[in-house]
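One-letter residues, chain by chain:
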Amino acid sequence: MPIEARIERIYEQVVRRNPGEVEFHQAVKEVIETLGPVLAKHPEYAEHKIIERICEPERQIIFRVPWEDDDGEVQINRGFRVQFNSVLGPYKGGLRFHPSVYLGIIKFLGFEQIFKNALTGMPIGGGKGGADFDPKGRSDNEVMRFCQSFMTELHRHIGEYTDVPAGDIGVGAREIGYLFGQYKRMTNRYESGVLTGKSPHWGGALVRREATGYGTVFFVEEMLKARGQSIEGRTCVVSGSGNVAIYAIEKLQQLGAHVVACSDSDGVIWHERGLDLDLVKRLKEVERRRIADYAREHGDAKYLPGGSIWDIRCEIALPCATQNELDEAAARRLVANGCVAVAEGANMPTTPGGVRVFQQAGIAYGPGKAANAGGVATSALEMQQNASRDAWTFEHTERRLNEIMSSIHRNCHEAAEVYGSPGNYVIGANIVGFRRVAEAMLAFGLI
Ligand code: NDP
Ligand code: 2IT
C-alpha cells in the first residue's frame, strides 16, 4: 500500500476507535501526516506497526474524585491519567485542572508529550492527567480537599520509576504541594522524584517555575539567530497570564524586547509603553485576580474584554494560554501586521489552518512540542537532582535549560533539512521525536 494511503488509513482507525475526541484526532493527524518521508526511509517502522502502536495508549485510568466544598456539599469530579508511552522512561507529563477537561484533551496532551519528551533527549516517557475540576473561585481549603481526594486514587498508579506527574493549566506549586503531601501520607515514603514542579524548599528544582516560558524564548532566540536576527528591541505579544506566559514575558524583557500585551480567558491587556510584569505577577500569582484589574492600576493601559490579542501589531507572538487559541484568520492578521516569529508556549495553540498560514508566509514558527519542551526538560533535571539528593544553583540550571533548547532547535533544524523541508520545525520536531521512540520500540520487541 502506498505510504500516504497507509497514513490516511491509520488516521481513520484512530478516529473510529476514539469517537468524539476531536483534539486527540487533531494532534495525531498533525504528527502522522509529516511521517511519510520517514516511513519511506525506514520500511521496518511500517512492518512493525510502530505508528499504530504509538497511537494506542499503554494504559488509561479514569476515576471518581469526590470531595466536600466549604458549604458542606458533596462534589464529584472525574480524574484522568493516560499513561501513553514508556519506552524512553517513566511516563512524564503534567496534570490539568480545568472544567473543559475530558478524555480527548488528556489524550491529545499525552500524545504530544511522547514526542516532546523524546525531543529533550532525556529519559522520560509520555503521559498526561487531570480533572474537570474548576479551581477558579475555590478557597485554598477546597483546592486542598480536592487534591487530597485526587491523589488518594492516583497514588497507586504513579511512582518515581513508573509515572511522574507535574503541573499544567490550573496546577501550580500550591496544588503540587497538596498532592505531594497526600502521596507521602498514603505511601509512607518521602519519594521526592514522584512529582516535579515542587517548591525549592522541599525538593523542587530552581528554574522549574520559569522553565517553560524561558525555554520558549530561548527557542525564539535560536530561530531568529538561524536567520541572522535577534530579539532585542522587538515588539511582542504573549497570550495568557499564567505560569508559562509570565516567565516568557520575563525572559523577553530581560533580552531587551518590548512586550505590549497579555490576556486571560476574559480579555486582553494592551499597554503600549510596555507591560508592568510585577503587577501581572501580583495579580495572577499572589492575589489570583483577573487581568482586567491591571487597567485599574495603569490608566494608560487598555482592557479589551473578549478581544483578540492577535489583532495587536507585533513582530513576535507567543501563544501561551491554551489549545486552538490562534486560528487561520488570526494568523493572517499577525502576518499582515509584520510578525516574523511565532513560538508556542502552549500545547497545540495554533489550528492547522493557522499553521499553514505561518508556513506559507515563511515566518519562523516553532511548534509547541519543540518550543515549550523546556518545562518538562527542567522537570527531568528536577528528577535528576532528586535521585542524587542534590540541589543545583539557579545559574547552573538555567544554563542547562538554555543548552537543551539549543540542542532541540539544532536537531529539528537539521532533520528538516535532511528530510527535504528546510526551516520547517514542524517536520523536524515530529521526525526527531518519532524516530527516538520508534527505535526504542523496535529494540524492545512487540510491546
Ligand atoms: P496556567 O493555569 O498557569 O495559565 C493558563 C492561562 O491560560 C491563564 O491565563 C488562563 O486564563 C488562560 N487559559 C486557560 N484556558 C483557557 C481557555 N480555555 N481560553 C482562554 N484562555 C485560557 O497554565 P500554564 O501557564 O501552566 O499553561 C498554559 C499553556 O502552556 C497550556 O497549554 C499548557 O498545556 C502549556 N504548557 C505548560 C507547561 C508548564 O510547565 N506549566 C509546560 C508546557 C506547556 P484564565 O485564568 O482566565 O483561565
Ligand atoms: O505540557 C507540558 O510539557 C507540561 N505541562 C509539563 C510536564 C512536566 O512533566 O513537567
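Look a little higher up for the structure.
All of these numbers come straight from a predicted model, not from anything done at the bench.

Thresholds applied
Residues numbered from 1 in each chain as written. Chains lettered and ligands numbered in written order. Predicted model: local features only at pLDDT ≥ 70, side-chain atom pairs only at ≥ 80, totals over all residues. Heavy atoms only, no water. Pairing = 2+ DSSP bridges. Helix = DSSP H or I, 4+ residues; strand = E, 2+ residues; numbered from the N terminus. Axes fitted to C-alpha atoms, helices over the stretch in contact; angles between N-to-C directions. Contact = heavy atoms within 4.5 Å. Salt bridge = Lys/Arg side-chain N within 4 Å of Asp/Glu carboxyl O. Buried < 20%, exposed > 50% of the residue type's maximum accessible area, 1.4 Å probe, protein only. Near = heavy atom within 4 Å. Polar contact = N/O pair within 3.5 Å; in protein donor to acceptor, adjacent residues only side chain to side chain. Areas by Shrake-Rupley, 256 points an atom, 1.4 Å probe, with all protein chains shown as cover. Phe/Tyr/Trp six-rings, centres within 6.5 Å; stacked < 30°, edge-to-face > 60°. 1 Å grid on protein atoms, 1.4 Å probe; cavity = no way out; pocket = protein on both sides within 12 Å on 5 of 7 lines; lining within 4 Å. Points joined across faces, edges and corners; volume = space filled by probe spheres on them. Nonpolar A, V, L, I, M, F, W, Y, C, P; charged D, E, K, R; others polar. Core = buried A, V, L, I, M, F, W, Y, C linked by side-chain atoms within 4.5 Å. Parallel < 35°, antiparallel > 145°, perpendicular 65-115°, else oblique. Left-handed = near helix turned anticlockwise from the far one by under 90°.

**Student:** Tell me what's going on with the sheet that holds strand 9 (residues 302-305), and back it up with residues and numbers.
**Tutor:** Within the open sheet, the seven strands sit side by side as 9-8-7-6-10-11-12. Their pairing is mixed. Looking at the sheet topology across the chains shown, the edges are occupied by strand 9 and strand 12 (364-366). Across the sheet, the axes of successive neighbouring strands diverge by a mean angle of 15°, strand direction being ignored. When strand 6 (residues 235-238) meets strand 7 (residues 258-263), the two strands line up parallel, connected through three bridges. Its bridge partner lying in strand 7, T235 is registered against H258. Most of the contacts of helix 10 (residues 243-254) go to strand 6, to which it runs at about 170°, and overall it touches strand 6, strand 7 and strand 10 (316-318).

**Student:** Pulling in residues and values, what's your account of the pattern of salt bridges?
**Tutor:** The full count for this structure, using the stated rule, is 33 salt bridges. The residue R138 makes a salt bridge to E142 at a minimum N-O spacing of 3.1 Å. Of the residues examined, R138 reaches a relative accessible area of 29% and is grouped as partly exposed. In this structure E142 comes out as buried when scored by relative accessible area, which is 6%.

**Student:** An account of the site of ligand 1 is requested, with residue identities and associated values reported.
**Tutor:** Around ligand 1, a shell composed of 25 residues is seen, among which D168, T212, S265, R290 and N347 lie nearest. The backbone of G345 places a nitrogen or oxygen atom 3.4 Å from an oxygen atom of ligand 1. Protein contacts shield 83% of the accessible area of ligand 1, which totals 880 Å² for the unbound molecule. Residue assignment for the shell around ligand 1 shows that the elements contributing at least two residues are helix 9 (208-225) and helix 10.

**Student:** Explain the packing of aromatic side chains residue by residue, including any values.
**Tutor:** One pair of aromatic rings is described through two measures. These are the centre distance and the angle between the planes. As enumerated under the stated definition, the model contains 19 aromatic pairs in all. Ring geometry for F24 against F84: centres 6.0 Å apart, planes inclined by 45°, an arrangement best described as tilted. Taken together, the positions of F24 in helix 2 (residues 22-32) and F84 in strand 2 (residues 74-85) put the pair 60 residues apart, joining distant regions of the chain. A relative accessible area of 0% means that F24 is categorised as buried. For F84, a relative accessible area of 1% translates into the label buried. Judged by centre distance (5.3 Å) and plane angle (85°), the rings of W67 and F133 are edge-to-face.

**Student:** Report on empty space enclosed by the protein, specifying residues and quantitative values.
**Tutor:** Empty space among the atoms becomes apparent when a probe as large as a water molecule is rolled across them. All told, the structure shown has one cavity of 30 Å³ or more when counted by the stated rule. Within this model, the largest cavity holds a volume of roughly 30 Å³. R6, I10, L39, Y45, A46, I50, I51 and E52 together form the lining of the largest cavity. Looking at the lining of the largest cavity, the elements with two or more residues in it are helix 1 (3-17), helix 4 (43-47) and helix 5 (50-54). Of all the elements, helix 5 adds the most residues to the lining of the largest cavity, at three residues. Residues that form the lining of the largest cavity fall into these classes: six nonpolar, no polar and two charged.

**Student:** Tell me about the nonpolar core, and please be specific about residues and values.
**Tutor:** Core analysis: the biggest nonpolar cluster contains 59 residues, and V238, L252, L318 and I408 have the highest contact counts within it. Looking at this core, the element that brings in the most residues is helix 9, giving eight residues. Each residue touching V238, except ones within four places of it in the same chain, is listed here: A245, A248, I249, L252, V259, A261, C262, S263, I309, L318 and C320. Counting residues in each nonpolar core, the second largest holds 40 residues, with V28, Y45, F84 and F108 among its members.

**Student:** Please give an account of the packing of helix 13 (residues 328-336) against helix 14 (residues 352-361) that cites residues and values.
**Tutor:** Look at helix 13 against helix 14: their axes get within 7 Å of each other, and the N-to-C directions meet at 25°. Judged on the interaxial angle alone, helix 14 and helix 13 are roughly parallel. At the point where helix 13 passes helix 14, the crossing takes the right-handed sense. Contacts between helix 13 and helix 14 involve E328, A331, R332, L334 and V335 from the former and G353, G354, V357, F358 and A361 from the latter. Among the residues making up the contact of helix 13 with helix 14, the classes are represented as six nonpolar, two polar and two charged.

The analysis is restricted to geometry; functional conclusions fall outside its scope.
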